[in-house]
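Spelled out, the chains give:
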Amino acid sequence: MEHIILYAIVPIIVVMLAGYISGKKGIFNGDDSKKFNKVVLDYALPAALFVSIVQSTREMLAKDIKLSLISLVGIMFCFMLVYYVFKLFKKNTGADAAVSALISGSPTIGFLGFAVLEPIFGTTPSVALVVAIVSIVVNAVGIPVGLSLMNASLEKQELAASVSSSGSVGLTKKKRPSAWLPVIHALEQPVAWAPILAVIWVLVGIPWPKWASPSFDLIKGANASLAVFSAGITLSSIKVDINWQAILGSILKMVVMPAVLLALGLIFHMDPLNLKMLVVAGALPPAFSGIIIADEYNTYVATGTSSLTLSVILFIGFCPLWIWITDLFLHTAVV
């Protein structure tokens, strides 16, 4: 626990605090944070995922099929649970619920995955595979589903407003965009196609030349530090207003998601190390990409950012707690 706190959590707090202070002093602002995020999502993280995965083997990928399926089922179950729970609130629209799912139903694996998992579990291909698999689920499945739900709700609101203002439904109706557009858009992002390309590379059996790795290492090294620093800037630029929905979102993210992943992993006898890494990944704070989408659509921004802030604070305690709980269950299962 001391190692986890000193080598995984304290560095994140220090770097995030540096970003927060820089934002408060006006050295950087929210626009700068978005640019830093783009560097992470389009360059640093894809490079880190690609070069780490291509150094694995077919045997490792075959071993991790169970990890992939449990990640997909567990995370998307929690994603839809958040959506339907928040849709129950009378003041919330379907778009609000979709943004809640994009935030509290998705771990920020792209920003904090390597920063948290590597100090705890080491710099290994196994860590990279967990980060890659969860990233694919969040970016190539969760985001398209969330955007589809949000766009459907916004279209419904626009139609209702049009009917209310005109007193009748118009004869012409705008053609809805294809439901596959968000999926295609998500797969066009480097953070989605880079790990998929790396997996294909390994499956085909092409050996990865060692001399090629250093070309990726320099930008790869900026991934964790720049992502955490950018998160601090983002938090400095938002107004935090803790309410019951923000608290509920934090509970669903920090308690329910890792618990669901742990339960599925134990039921289907996952590899113990993979299970521990997956539970920690599930206990990560909400996805920052959800905040970016909320800000872009001006939907559920205040409560979403408040839930994110609260979850970041709670992660300090929940990260070592979930590792301890997972070890306890694994030890009980062995005994």
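What counts and how
Every chain's residues receive numbers from 1 upward, in the order its sequence appears when written. For a predicted model such as this one, the threshold for reporting local features is a pLDDT of at least 70, and the threshold for listing and counting side-chain atom pairs is 80 or more; totals across whole chains, interfaces and linings nevertheless cover every residue. Side-chain measures were taken over the full set of non-hydrogen atoms in the model, leaving aside hydrogen atoms and water. Going along the chain from the N terminus, every DSSP run of H or I of four or more residues is numbered as a helix, and every run of E of two or more is numbered as a strand. When a residue's accessible area, from a 1.4 Å probe over protein chains only, is under 20% of the maximum for its type it is buried; when over 50% it is exposed; and in between it is partly exposed. It only takes one pair of heavy atoms within 4.5 Å for two residues to be counted as in contact. Stacked, tilted and edge-to-face are the three classes assigned to paired rings of Phe, Tyr and Trp, where Trp is represented by its six-membered ring and a pair needs centres within 6.5 Å; plane angles under 30 degrees give stacked, over 60 edge-to-face, the rest tilted. A fitted line through C-alpha atoms represents every axis, and for helices the fit uses only the stretch in contact; the resulting angles, taken between N-to-C directions, go from 0 to 180 degrees. Every angle not falling under 35 degrees, over 145, or within 65 to 115 is termed oblique; those three ranges are roughly parallel, roughly antiparallel and roughly perpendicular. In this scheme the handedness of a crossing depends on how the near helix is turned from the far one: anticlockwise by less than a right angle means left-handed, clockwise means right-handed. In this count, Pro and Cys sit with the nonpolar residues alongside Ala, Val, Leu, Ile, Met, Phe, Trp and Tyr, while Asp, Glu, Lys and Arg are called charged and the others, Gly among them, polar.

Chemist: What am I meant to see in the side chain of S306 here?
Modeler: Structurally, S306 can be placed in helix 15 (residues 301-334). On the basis of relative accessible area, S306 is assigned to the buried category, the value being 0%. Aside from chain neighbours lying at most four places away, what touches S306 is K239, V240, D241, I242 and A246.

Chemist: Can you walk me through the packing of aromatic side chains in this structure?
Modeler: The geometry of an aromatic ring pair comes down to the distance between the two centres and the angle between the two planes. For the structure shown, the criterion picks out 10 aromatic pairs. Members of the aromatic cluster, joined through ring pairs, are F50, W201, W208 and F216.

Chemist: What am I meant to see in the packing of helix 2 (residues 30-53) against helix 6 (residues 109-121) here?
Modeler: Helix-helix packing is characterised by the crossing angle of the two axes and by the distance between the axes. Helix 6 packs onto helix 2 with a crossing angle of 50° between their chain directions and a minimal axis gap of 10 Å. Overall, the two elements helix 2 and helix 6 adopt an arrangement that is oblique. Of the two possible hands of crossing, helix 2 and helix 6 adopt the one that is left-handed. For the pair formed by helix 2 and helix 6, the contact residues are N37, V40, L41, L45, A48, L49 and S52 on the first element and G110, F111 and F114 on the second. Here the contact of helix 2 with helix 6 is built from residues that sort into seven nonpolar, three polar and no charged.

Shape descriptors only; they carry no functional weight alone.
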